[in-house]
Amino acid sequence: MSDAEDPTTFSPAEPTTGEEFEPVEVFPDNDDFDLRPGADNCYKCSTCDTNCPVAEVDDDFPGPKFQGPEQWRLTQTDDDYEIDDSITSCSNCLRCDNACPSGVPLSQMHNTARGRYVDEQMSKLSVEYIRNRILANYRTSAWLASKVPRLSTFVMNNSAVRWVMDKTMGIPKERDFPAFATETFQEWWAKRGGADESRRRARQNRPDDADPSDYKVAYFHGCYSNYNTTQVGKAMVRVYEELGFEVVVPEQKCSGTPMFANGMLDDAERHAKVNVSSMSDLVEQGYDAIASCTSCSMALRQEYPELFDIDGIEKVSENTYDSVEYLRIHTDIADRLSEATVEGDLAEEFAYHAPCHGRNQGLERQAVELFAELDGVGIEDVGDSCSGISGTYGWKSEKYEISMEIGQPMFDHMEDSAGETGMTECPTCAMQMEHGTGYDVRHPLELIEAAIVEA
Ligand code: SF4
Ligand code: SF4
């Protein structure tokens with residue numbers, strides 16, 4: 001009997017090197033996907049689903065794993081596949097994107113699917129589409145309202161008007177409309193002397209041996225700091241000038257965040273082109289792009305290069321920072337604050353909420369760490385839950401209750417904390433914090449201003 005026939009003799013098989021096999025590509029057109037790497041990396045661990053605040057409270061929402069990789073695979077294998085309408089229930093909070101251990105580009109898949117759903121499957125005459133278009137283009141409504149700011153604030157908060165808007169357009173009557181500033185940030189900036197005045201002030205505050213080319217920032221204020229919370233934009237300018245930075249305010253449109261969330265990618269791209277064009281020119285001249293809203297910095301950093309092909313987009317993405325993040329990286333702000341004392345209105349205990357879009361940029365601890373040593377104030381993190389409003393999501397009547405249910409743990413933690421003033425970097429999270437607790441809410445830049453800028 002030969003060895004081969006003897007069942008008691010074991011001959012190991014030659015190890016498989018794989019060289020004799022042609023690799024099988026599930027999706028042979030891989031180069032054409034136009035998604036960031038990782039599109040086909042989902043191994044169904046469901047971590048994204050367990051981190052989704054909408055799936056947690058809305059039993060009808062199938063969750064990010066379905067909205068992302070599962071639905072995306074269906075679109076790749078079936079030309080006639082119709083996007084499931086549940087994609088409109090994703091709030092674009094990006095928590096799933098942050099949670100996925102496998103680097104699956106969930107937000108990019110969601111934005112792409114939502115854009116396709118709105119383009120191809122949503123009636124352009126439906127009330128939902130028209131309402132979403134108005135919400136997504138907040139900049140246009142805010143521009144109009146800013147022409148008669150007091151009247152606009154009064155009318156938009158009239159209970160009869162709100163009831164009609166709820167019944168006819170699906171904008172929840174429970175929400176308070178934000179007040180419009182009587183002078184926009186841009187008007188204040190121009191009246192103050194614009195970039196020339198900023199250059200003059202910055203020069204006075206810069207150390208003599210400092211290289212001025214290291215002290216140049218271009219401010220992306222976004223819609224809300226321009227039309228509503230102008231105090232945030234002013235604080236940004238004053239704080240940066242105090243630290244020796246020359247500020248310029250380039251031509252800009254909406255960052256596109258509410259347009260992504262409503263599947264209106266053409267609108268978003270039109271705005272992105274203007275923003276990238278003006279910012280990329282300045283980046284070429286040595287300026288860094290700074291945003292005071294974490295959703296705006298998120299758009300410029302991540303969503304633009306994921307979704308659009310615009311000249312200069314990568315350069316802008318690489319040189320964009322959140323306003324507080326930049327100070328922590330490029331200045332001695334922590335030392336300045338550890339020697340400062342806050343007195344007056346802002347000598348308070350703050351209940352701090354880290355916005356989801358800030359978390360996605362790794363910024364969730366920045367305010368708590370920065371203000372830990374600041375005399376005269378206290379700050380407490382109210383936990384990692386989502387505020388629930390997610391930009392325009394909580395401004396839809398059919399989502400209002402879900403939005404408040406998602407926000408409830410944050411409201412509870414705020415009420416349990418020592419502070420009775422809220423703090424966050426996101427203007428819509430601030431609206432939800434105010435709405436759920438009645439607390440006044442401030443931006444970290446306002447506290448930095450109170451600590452280091454002389455009144
Ligand atoms: S977390 Fe990532 S890998 Fe896990 S199921 Fe979700 S997409 Fe797939
Ligand atoms: S973006 Fe937010 S709401 Fe949308 S699927 Fe991901 S975690 Fe859920």
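Residues numbered from 1 in each chain as written. Chains lettered and ligands numbered in written order. Predicted model: local features only at pLDDT ≥ 70, side-chain atom pairs only at ≥ 80, totals over all residues.

Across its full length, the protein holds 24 helices and 8 strands. Over its C-alpha atoms the protein spans a radius of gyration of 25 Å, differing by no more than 12% from the 23 Å that the globule rule assigns to 455 residues. Projected onto the principal axes, the alpha-carbon positions of the protein cover approximately 100 × 60 × 45 Å. Here the protein holds 455 residues, and the buried ones make up 47% of them. Intrachain contacts of the protein at a sequence separation of at least 6 include 77% that bridge at least 24 residues. (Helix = DSSP H or I, 4+ residues; strand = E, 2+ residues; numbered from the N terminus. Rg over C-alpha atoms; globule rule 2.2 N^0.38 Å. Buried ≥ 20, exposed ≤ 12 C-beta atoms within 10 Å, placed from the backbone. Contact = placed C-beta atoms within 7 Å.)

Before going further, it helps to examine the site of ligand 1. Around ligand 1, 14 residues are found, and the nearest of them are Cys42, Cys45, Thr47, Cys48 and Cys100. Mapped by element, the contributors of at least two residues to the shell around ligand 1 are α1 (47-50) and α3 (64-77). Broken down by element, the shell around ligand 1 gets its largest block of residues, 3 residues, from α3. In the shell around ligand 1, the residues fall into 8 nonpolar, 4 polar and 2 charged. (Near = placed C-beta within 6 Å. Nonpolar A, V, L, I, M, F, W, Y, C, P; charged D, E, K, R; others polar.)

A separate point is the site of ligand 2. Lining the immediate environment of ligand 2, one finds Cys52, Val54, Pro64, Gln67, Cys90, Ser91, Asn92, Cys93, Leu94, Arg95, Cys96 and His110. Looking at the shell around ligand 2, the elements that each hand over two or more residues are α3 and α4 (95-99). Of the residues belonging to the shell around ligand 2, the class tally is 7 nonpolar, 4 polar and 1 charged.

Spatially, 4 strands are ordered β2-β1-β3-β4 in an open sheet, and the strand pairing comes out parallel. The open sheet terminates on both sides in strands that have one partner only, identified here as β2 (246-248) and β4 (320-322). For this sheet the average axis-to-axis angle between neighbouring strands, irrespective of direction, equals 35 degrees. Examined bridge by bridge, strand β1 (residues 216-220) and β2 share 3 bridges and lie parallel to one another. Pairing of Lys216 across the sheet is with Glu246, part of β2. (Pairing = 2+ DSSP bridges. Axes fitted to C-alpha atoms, helices over the stretch in contact; angles between N-to-C directions.)

Further remarks concern the sheet that holds strand β7 (residues 421-423). Sheet architecture is open: 4 strands sit in the order β6-β5-β7-β8, paired in parallel fashion. For this open sheet the edge positions go to β6 (378-381) and β8 (440-442), each flanked by a neighbour on one side alone. Between one strand axis and the next, the sheet turns by 35 degrees as a mean value, whatever way the strands run. Note that β7 and β8 share 3 bridges and pair parallel. Residue Thr421 lies in a different strand from β8, and its bridge partner there is Asp440.

A word on the confidence of the model for the protein. Mean pLDDT over the protein works out to 92, with 93% of the residues at or above the 70 mark. Across residues 1-32 the pLDDT falls below 50, and counting only partners more than four positions away or on other chains, this stretch makes 7 contacts in the model. (pLDDT = per-residue confidence, 0-100.)

Another point: the environment of Ser277. Within the fold, Ser277 resides in helix α15 (residues 265-284). On the neighbour-count criterion, Ser277 (15 C-beta atoms within 10 Å) is partly exposed. When the C-alpha atoms of Ser277 and Ile310 are compared, they prove to be 8.5 Å apart, with 33 residues separating the residues in sequence.

As a further point, take the domain arrangement of the protein. Partitioning the protein into structural domains gives domain 1 (33-121), domain 2 (185-330) and domain 3 (340-452). Every contact between the two is made by 11 residues of domain 1 and, on the other side, 11 residues of domain 3. Secondary-structure elements contributing two or more residues to the side of domain 1 that touches domain 3 are α2 (53-57) and α4. A per-class count over the side of domain 1 that touches domain 3 returns 5 nonpolar, 3 polar and 3 charged. (Domains from an automatic or database assignment.)

This next bit is on helix α23 (residues 427-437). In terms of burial, α23 is a largely internal element, 9 of the 11 residues being buried. Buried within α23 are the following residues: Pro427, Thr428, Cys429, Ala430, Met431, Gln432, Met433, His435 and Gly436. Elements that come into contact with the buried residues of α23 comprise α12 (222-227), α22 (397-416), β7 and β8. Just downstream of α23 lies Gly438, where phi reads positive at about 80 degrees.

Between α3 and helix α5 (residues 106-121), the least distance of the axes is 9 Å, while the angle of their chain directions is 75 degrees. Between α3 and α5, the interaxial angle falls into the category roughly perpendicular. Residue-level inspection shows Pro64, Gln67, Gly68, Pro69, Gln71 and Trp72 of α3 in contact with α5, the latter providing Leu106, Met109, His110 and Ala113. (Parallel < 35°, antiparallel > 145°, perpendicular 65-115°, else oblique.)

With that out of the way, let us pick up the pairing of β1. Successive side chains on a regular strand alternate, one facing one side of the sheet and the next facing the other. Burial runs high along β1: 4 of the 5 residues are buried. In this sheet, strand β3 (residues 288-291) lies alongside β1 in parallel orientation, the contact comprising 4 bridges. In the sheet register, Phe220 faces β3, and the bridge partner there is Ala291.

Attention now goes to unusual backbone geometry. Note: most residues except glycine have negative phi, and most peptide bonds are trans. Even without a glycine there, the phi angle at Ser46 is positive, about 70 degrees. Tracing the backbone shows Ser46 in the segment before α1. Within the chain, Ser390 stands out as a residue other than glycine whose phi angle is a positive 45 degrees. Relative to the helices and strands, Ser390 resides in the loop between β6 and α22.

Topologically, Tyr287 is positioned in the loop between α15 and β3. Along the sequence, Tyr287 and Thr320 sit 33 residues apart, while their C-alpha atoms lie 9.7 Å from each other.

This next bit is on the environment of Asp381. By secondary structure assignment, the location of Asp381 is in strand β6. Its 18 C-beta neighbours within 10 Å are what place Asp381 among the partly exposed residues. In sequence terms Asp381 and Pro427 are 46 residues apart; their C-alpha atoms lie 17 Å from each other. With residues near it in sequence (within four places) discarded, Asp381 still touches Tyr352, Ala354 and Val368.

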